[in-house]
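# Coordinates in review
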Amino acid sequence: MSVVRERTESRRATRPPRRPPRPPHRAATSGPWPYLLVAPAVLGMLYLLLYPLARAVLISFQDFGLRQLILGDARFTGFDNYTTLLSDPRFWTVVRRTFLFMAVCVASIMVLSTLVALMVERLGRFGRAVVLSALVLAWAMPVVAATTVFQWLFHSEFGIVNHALTGLGFTSFDGYPWLAHGTAAFSILVLLVVWQSVPFAAITLYSALTTVPGELYEAARIDGASWPRVFRSVTLPIVRPVFMLVLSLEVIWTFKAFVQIWVMTRGGPGDATTILPVYAVQTALSGQHYDLGSAASMLTVLLMSGVLVLYFRQMFRQEAEL
């Protein structure tokens, strides 16, 4: 037995060491196949997003009307279209109205959505499911359908709003033409945009509130902090990134609101509900001045980008201070 053991140990000593297992084979990523696979999606995105933008920029520097649209003999005019717009007093009136519309809508959306999110957080399971389902259904309603519903709600003869106000004793609202008065039409459009935007903002903020640890709330209550102080010192610092993201998205969406205004009032009565996107379409369609309409669209993009740049600079400055 000792001889067999010695032979076995000698064979193990002379046997070459076992090689480590080879890693699984990886496909080479330096070849053209990954790029060929993603090329259709990239090309489609470039065609659908960048090409219209580049085309609009090009038209804004041309003399482009109905004749040029058909024959294609547009000539470059430099910054003449921009000079024409910037020297138009109506354009600056529309710019002021656009910023007013954006400020009122965004402030209302953020306040209401924050309150709704805080309310949903404190509801039970059944109440939370009911409220979230209602928010999702309201958010899923098509824009044109919701706008049509609001048109019927505020109809001068058949609208339920006038019927309800008249039934409550406000006889002056019998047959009141809401959309024929500038301030009333502006207020209805603000109400419509806020109603359509609150569900998304509220659901997003509620999702952010669920990430706040409950121990922080308990510590704040033990210290005797009031509800506003808890929200300002505990909740808001944690959900600030999501809050700022929702705020920036609402600024973009309300700044470029077009469908609601165009379907309901087309910018009227007069110019009471005309904001920059509506002004661009009106300019392009009236007399087929597509060059001025494109220039108005580019100025809208520049103004919106300027607002977002100032906003992000302020946000990054506050984060740096914190």
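Presented here is a report on the structure given in the accompanying data block. Keep in mind it's a predicted model, so treat the numbers as computed, not measured. (Residues numbered from 1 in each chain as written. Predicted model: local features only at pLDDT ≥ 70, side-chain atom pairs only at ≥ 80, totals over all residues. Heavy atoms only, no water.)

## Focus on helix α9 (residues 182-209)
Here α9 contains 28 residues, and its C-alpha end-to-end distance of 39 Å stays within 8% of the 40 Å for a straight helix at 1.5 Å per residue. Residue V198 marks the point of greatest curvature in α9, where the axis turns by about 35°; the proline P199 follows within four residues. Counted residue by residue, α9 has 21 buried out of 28 residues, so it is predominantly covered. (Helix = DSSP H or I, 4+ residues; strand = E, 2+ residues; numbered from the N terminus. Expected span 1.5 Å × (residues − 1). Bend = angle between axes of the 7 residues up to and from the residue. Buried < 20%, exposed > 50% of the residue type's maximum accessible area, 1.4 Å probe, protein only.)

## Some thoughts on the packing of aromatic side chains
The tally for this structure, following the rule as stated, stands at 20 aromatic pairs. Considering the side-chain rings of F173 and W178, the 5.5 Å spacing of their centres and the 15° angle between planes classify their relative orientation as stacked. A relative accessible area of 22% places F173 in the partly exposed class. With centroids separated by 6.2 Å and ring planes inclined at 20°, the aromatic side chains of W227 and F231 adopt a geometry described as stacked. With W227 and F231 both in helix α11 (residues 227-255), this residue pair falls four residues apart, about one helical turn. With relative accessibility at 22%, the residue F231 sits in the partly exposed group. Every member of this aromatic cluster is reached through a ring pair, and the members are F150, F154, F170, F173, Y176, W178 and W195. (Phe/Tyr/Trp six-rings, centres within 6.5 Å; stacked < 30°, edge-to-face > 60°.)

## Re the pattern of salt bridges
A full pass over the atoms with the stated rule returns three salt bridges. The shortest N-O distance in the salt bridge between E121 and R122 comes to 3.5 Å. Relative accessible area serves as the criterion here: at 24%, E121 is assigned to the partly exposed category. (Salt bridge = Lys/Arg side-chain N within 4 Å of Asp/Glu carboxyl O.)

## Re the environment of M244
For M244, the position within the fold is in helix α11. Distance from M244 to M315, taken between C-alpha atoms, is 7.9 Å for residues 71 residues apart in sequence.

Keep in mind these values describe shape, not function.
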